[in-house]
Amino acid sequence: MSFILATISTLCILISALLMVYGWYTIRVKKNRNRHKAIMITASLFALVFFMIYMTRTVFIGNVMYNGPENFKFAYTVFLTIHIIFATLGAIMGLFSLYLGFTGRFQSHKKVSPYTAIIWFISAATGIAVYLILFIIWPSYHMDTNLWQAIFGH
Ligand code: HEM
């Protein structure tokens, strides 16, 4: 169950990151404000679906423990922590960019949003890497645990 939900949510975050790149292109190169708005809203909705699935999984099933080689475990923990920091920052800045866009504060929006898009992209890329480590490279299907243990171990 964890695997199916994680795969769906990772696909959502992949689509969201690709839409983010396309949304940037529509405004930077094409100067198409309406399309930019529509694409960024869609990208945000995919991120929202990701977040809802992630939270459902965390609350009802638990998160998955790292099951790779012991000598890589510390690096993984650092990597996961960086991912969590970027994801939290990306969510906050995403909401802020949407707010600046919707309220027509385009000067500020233009200054802040490139950072939002880059942080969002890094958080998606590191998130996909975490998925690959936990579910594809060193799968640990029967090792569901809670959020705290998934980060810091037993
Ligand atoms: C998470 C959501 C969003 C992100 C990450 C985002 C990202 C960006 C980025 C990176 C730029 C700068 C493009 C450049 O010159 O390099 C930009 C510009 C712009 N965005 Fe967004 N955007 C978002 C949502 C919105 C929304 C909802 C609207 C409209 C309601 C909007 C309207 C605009 C406009 C009009 C510009 C051009 C500003 C100007 O050139 O003066 N954006 N956005």
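Look up a bit, the structure's there.
Notes on the structure in this doc start here. (Residues numbered from 1 in each chain as written. Predicted model: local features only at pLDDT ≥ 70, side-chain atom pairs only at ≥ 80, totals over all residues. Heavy atoms only, no water.)

**Some remarks on the coordination of the iron atom of the ligand**
Protein coordination of the iron atom of the ligand is provided by His 36 (NE2) and His 109 (NE2), with donor distances spanning 1.9 to 2.0 Å. Of note is the iron atom of the ligand, whose six donor atoms meet at the metal with angles of 88 to 179 degrees in an arrangement that counts as octahedral. Taken together, the residues His 36 in helix H2 (residues 33-60) and His 109 in helix H4 (residues 106-137) connect sequence positions 73 residues apart. On the basis of relative accessibility, which here comes to 16%, the residue His 109 falls in the buried class. (Donors = N, O, S within 2.8 Å, 3.2 Å for Na, K, Ca; no water. Tetrahedral: all angles 85-135°; square planar, octahedral: opposite > 155°, others 65-115°. Helix = DSSP H or I, 4+ residues; strand = E, 2+ residues; numbered from the N terminus. Buried < 20%, exposed > 50% of the residue type's maximum accessible area, 1.4 Å probe, protein only.)

**Concerning the site of the ligand**
Taken together, 19 residues form the shell around the ligand, and within it Trp 24, Arg 28, His 36, Gly 101 and His 109 come nearest. A distance of 2.8 Å separates an oxygen atom of the ligand from a polar side-chain atom of Trp 24. Take His 36: an N or O atom from its side chain is 2.8 Å from a nitrogen atom of the ligand. Sorting the residues of the shell around the ligand by element identifies helix H1 (2-28), H2, helix H3 (73-102) and H4 as the ones contributing at least two each. The element best represented in the shell around the ligand is H4, accounting for six residues. Residue classes in the shell around the ligand are distributed as nine nonpolar, six polar and four charged. (Near = heavy atom within 4 Å. Polar contact = N/O pair within 3.5 Å; in protein donor to acceptor, adjacent residues only side chain to side chain. Nonpolar A, V, L, I, M, F, W, Y, C, P; charged D, E, K, R; others polar.)

**Regarding the packing of H2 against H4**
Relative to each other, H2 and H4 sit at 40 degrees, their axes nearing to 13 Å. One finds that H2 runs oblique with respect to H4. Between H2 and H4 the crossing geometry is left-handed. Residue-level inspection shows Arg 33, His 36, Ala 43, Ser 44, Ala 47 and Arg 57 of H2 in contact with H4, the latter providing Phe 106, His 109, Trp 120 and Phe 135. (Axes fitted to C-alpha atoms, helices over the stretch in contact; angles between N-to-C directions. Parallel < 35°, antiparallel > 145°, perpendicular 65-115°, else oblique. Left-handed = near helix turned anticlockwise from the far one by under 90°. Contact = heavy atoms within 4.5 Å.)

**A look at the nonpolar core**
Counting residues in hydrophobic clusters, the biggest one holds eleven residues: Ala 6, Val 64, Tyr 66, Tyr 76, Leu 80, Val 130, Tyr 131, Ile 133, Leu 134, Phe 135 and Ile 151. Only H3 and H4 provide two or more residues apiece to this core. Apart from the residues within four sequence positions on either side, Tyr 66 is in contact with Phe 72, Lys 73, Tyr 76, Ile 133, Leu 134 and Trp 138. Counting residues in each nonpolar core, the second largest holds eight residues, with Leu 19, Met 40, Ala 43 and Ala 47 among its members. (Core = buried A, V, L, I, M, F, W, Y, C linked by side-chain atoms within 4.5 Å.)

**Side note on the environment of Thr 26**
Summarising the element assignment, Thr 26 is placed in helix H1. Those residues in contact with Thr 26 that sit more than four places away from it in its chain are Lys 31, Asn 32, Arg 35 and His 36. Among the polar contacts made by the side chain of Thr 26, one reaches the main-chain carbonyl oxygen of Gly 23 at a distance of 2.6 Å.

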